[in-house]
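# Tertiary structure, described
So you can see what is in the structure, the chains are spelled out below.
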Amino acid sequence: MSELIKRLKEERIQGSSAVLNYSNFDYWVNWDDIVEIVEDHDQPQLNQNQQVVVNDVKQDHENYGISKFNAIRLAVTSYATGYYKDHLKNDEEFYQVLRTLIAWAQEQEEE
């Protein structure tokens, strides 16, 4: 999880909204909305086929009790052998999947 998201979540815990006064106008800041926006921006946007691969890896981890690292390693091997050829058009799409999976694994480790 990025440091920015951690800081925003800390602010959210302290209060779900705040009033800021700019030139005699009050603006409400909703920390939940801000955290969501940053989290969405922080993650690569995957197409539906890429999301299928991500979900497969997460299910392997949950259903078979293998570590996150081994689930990701299995995805790399599967991609290399052509298993995901119907889901991923090129290496760049797979790299995006890997970035998402690595962020998922790191997030799980930090919690």
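About the cut-offs
Residues numbered from 1 in each chain as written. Predicted model: local features only at pLDDT ≥ 70, side-chain atom pairs only at ≥ 80, totals over all residues. Heavy atoms only, no water. Helix = DSSP H or I, 4+ residues; strand = E, 2+ residues; numbered from the N terminus. Buried < 20%, exposed > 50% of the residue type's maximum accessible area, 1.4 Å probe, protein only. Contact = heavy atoms within 4.5 Å. Expected span 1.5 Å × (residues − 1). Polar contact = N/O pair within 3.5 Å; in protein donor to acceptor, adjacent residues only side chain to side chain. Salt bridge = Lys/Arg side-chain N within 4 Å of Asp/Glu carboxyl O.

### Side note on the overall build of the chain
A count of helices and strands for the chain gives 5 helices and 2 strands. Helices (α) and strands (β) of the chain occur, in sequence order from the N terminus, as α-β-β-α-α-α-α. For the chain, with 111 residues in total, the buried portion stands at 25%. Restricting the contact set of the chain to residue pairs at least 6 apart, pairs at least 24 apart contribute 52%.

### Re helix α3 (residues 48-64)
The end-to-end C-alpha separation of α3 is 24 Å, in line with the 24 Å expected for 17 residues at 1.5 Å each. If you check the start of α3, you find a side-chain oxygen 3.0 Å away from the backbone N of N49, and it comes from N47.

### Overview of the pattern of salt bridges
Inspection of every chain in the model, using the stated rule, returns 1 salt bridge. Ionic pairing is found between E92 and R99, a salt bridge with its closest N-O pair at 3.1 Å. A relative accessible area of 41% places E92 in the partly exposed class. You can call R99 partly exposed: its relative accessible area is 45%.

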